[in-house]
Amino acid sequence: MKTTHLPLPSPAPGMQRHLTVHEYGDGPRKAYLQAGLHADEWPGLLTLQHLMEKLDTLEQAGQIRQRIVIVPFANPVGMNQRLFGKFPGRFDATTGQNFNRGMSLSTGALTHRVGHLLNAEADQNDVQVRDALRQLVEEKPAHYEIEALHKALLSQSIDAHLMLDLHCDDHALPHVFYGDHQRPTGAQLSDCLGFAIRLEEDVRGTVAFDGSHTQPWITLAENTGKPFAEPCFAATVELRGQKDVSDALARQDAEGLLAFLEQQGFVSNSGATAQPQQGDTLSINVDQVKVITSPANGLVVYHRALGDWVDAGDLLAEIVLLDSHRPERVPVPAPASGRLFSQTNTFLTSPGASIGMIASKDQQIQPGTQLSY
Ligand SMILES: [Zn+2]
């Protein structure tokens, strides 16, 4: 294993941050895993430490078959955010930008750069596209610190064949996001992790870090009609909720990730197996996720638990009003039928604030708009 420290541009006098990058193995294919891009989401940080222990052992046994790159903490900028004892971590303090948005490459520039070089040879096309992607990252402007961070991360990840971005929700069942054009691999990942909820998304609209790796390939395929051998598979892995930081869960998730890496040919003889799944598989498009918003300000009390199946109209929660003359509550009926898979940690809520998510069978929002907020 080789470790490098990638310096980030100094944001202020006397301050220097860096990314740590661990690289295992050698070979033409690359798997890239990172955690903590939202710096307030910590389960993945521990999961990667457990995975590295396993990879160390496999490396000593000569069982690493391709390159595996691990960025154990993807956001030293956000990790430095401390505000009155809390860790905000989700948004850049300088620009207000969500750390997991706004890093995608221009697909128009990519098509212009490489479109005319593609032919009927899928393997050759892959090489051309990965070269062009690396060039575009190299040329990416990086004025603000968040831009420099994104550029540094992409410099390690953009040419990967497999990219896994580890996140978590407030309080949630484990779930994964991946492109709806990559269902078989997404299902394989989900099966290895034992995650019942799979959220499939159209990556041609606004994308997060995962979609920034798959959008170029699907756009090029559509614009040019040329074949590719192994476009990047990318996924966001949501490791339950913010408080689900434990060795037991991290060990289990690391084993699931390792089983996936083995099935994908990156390691051999790991002994890792697919993790047991809790509940029936629910594969839906992200457009079918119903976000439950609070109708009032006050305290949320839930009447249904995480993982419950609910029918539209069921009493899901109540908002306890704090400034009424008499004790009073506003009911929150389930806005859709489906499985309640996410709840908020912020119990003091306000009108319009998200207090949960239901995985439903019906379309809830316009396709491609799920990341617009
Ligand atoms: Zn996140």
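Residues numbered from 1 in each chain as written. Predicted model: local features only at pLDDT ≥ 70, side-chain atom pairs only at ≥ 80, totals over all residues. Heavy atoms only, no water.

Draft legend 1. Seen up close, unusual backbone geometry. One non-glycine residue, phenylalanine 84, lies in the positive phi region at around 50°. One can find phenylalanine 84 in the loop between helix H2 (76–79) and helix H3 (107–114). The class of phenylalanine 84 is exposed, set by a relative accessible area of 83%. Positive phi, normally seen in glycine, also occurs at arginine 240, with a value near 65°. Its location among the elements puts arginine 240 in strand S9 (residues 233–241). (Helix = DSSP H or I, 4+ residues; strand = E, 2+ residues; numbered from the N terminus. Buried < 20%, exposed > 50% of the residue type's maximum accessible area, 1.4 Å probe, protein only.)

Draft legend 2. Examining the nonpolar core more closely. One finds Leu51, Leu55, Ile68, Ile70, Leu189 and Leu261 to be the most contacted residues of the largest nonpolar core, which totals 35 residues. Of all elements in the fold, only strand S3 (30–35), helix H1 (43–60), strand S4 (67–71), strand S5 (162–169), strand S7 (175–179), helix H6 (183–193), S9 and helix H8 (247–263) reach the threshold of two or more residues within this core. Apart from residues no more than four positions distant in its own chain, leucine 189 is found in contact with Leu164, Val176, Phe233, Ala235, Val237, Leu257 and Phe260. One finds Val21, Leu110, Ile146 and Leu154 within the second-largest nonpolar core, a separate group that totals 34 residues. (Core = buried A, V, L, I, M, F, W, Y, C linked by side-chain atoms within 4.5 Å. Contact = heavy atoms within 4.5 Å.)

Draft legend 3. Molecular detail of the coordination of the zinc ion. Coordination of the zinc ion by the protein is provided by His38 (ND1), Glu41 (OE), Glu41 (OE) and His167 (ND1), with metal-donor distances spanning 2.0 to 2.4 Å. Each of the four donor atoms around the zinc ion contributes to a set of angles spanning 57 to 145°, which defines the coordination as irregular. In the primary sequence, the donor residues of the zinc ion line up as H-x2-E-x125-H. Taken as a pair, histidine 38 in the loop between S3 and H1 and histidine 167 in strand S5 lie far apart in primary sequence, 129 residues in all. (Donors = N, O, S within 2.8 Å, 3.2 Å for Na, K, Ca; no water. Tetrahedral: all angles 85-135°; square planar, octahedral: opposite > 155°, others 65-115°.)

Draft legend 4. Summary view of the domain arrangement of the protein. According to the domain assignment, the protein consists of domain 1 (2–279) and domain 2 (287–360). Using C-alpha coordinates to define each centre, domain 1 is positioned 32 Å away from domain 2. In this complex, domain 1 contributes 12 residues to the contact, which on the side of domain 2 involves 12 residues. Both sides of the domain 1 and domain 2 interface together cover about 960 Å² of buried area, and 58% of this is carbon and sulfur. By the criterion of area lost to domain 2, the three top residues of domain 1 are Asp170, His171 and Leu173, representing 51% of everything that side buries. For the pair domain 1 and domain 2, the number of links is zero salt bridges. For the side of domain 1 that touches domain 2, the residue count by class is five nonpolar, five polar and two charged. (Domains from an automatic or database assignment. Buried area = accessible area lost by both parts, 1.4 Å probe. Salt bridge = Lys/Arg side-chain N within 4 Å of Asp/Glu carboxyl O. Nonpolar A, V, L, I, M, F, W, Y, C, P; charged D, E, K, R; others polar.)

Draft legend 5. Region of interest: H1. Here H1 spans 27 Å end to end across 18 residues, near enough to the 26 Å set by a 1.5 Å rise per residue. Inspection of H1 places Pro43, Gly44, Leu45, Thr47, Leu48, His50, Leu51, Met52, Leu55 and Leu58 among the buried residues, and these make up the whole buried set. Trailing H1 by a residue or two, glycine 62 shows a phi angle of about 70°, which is positive. (Expected span 1.5 Å × (residues − 1).)

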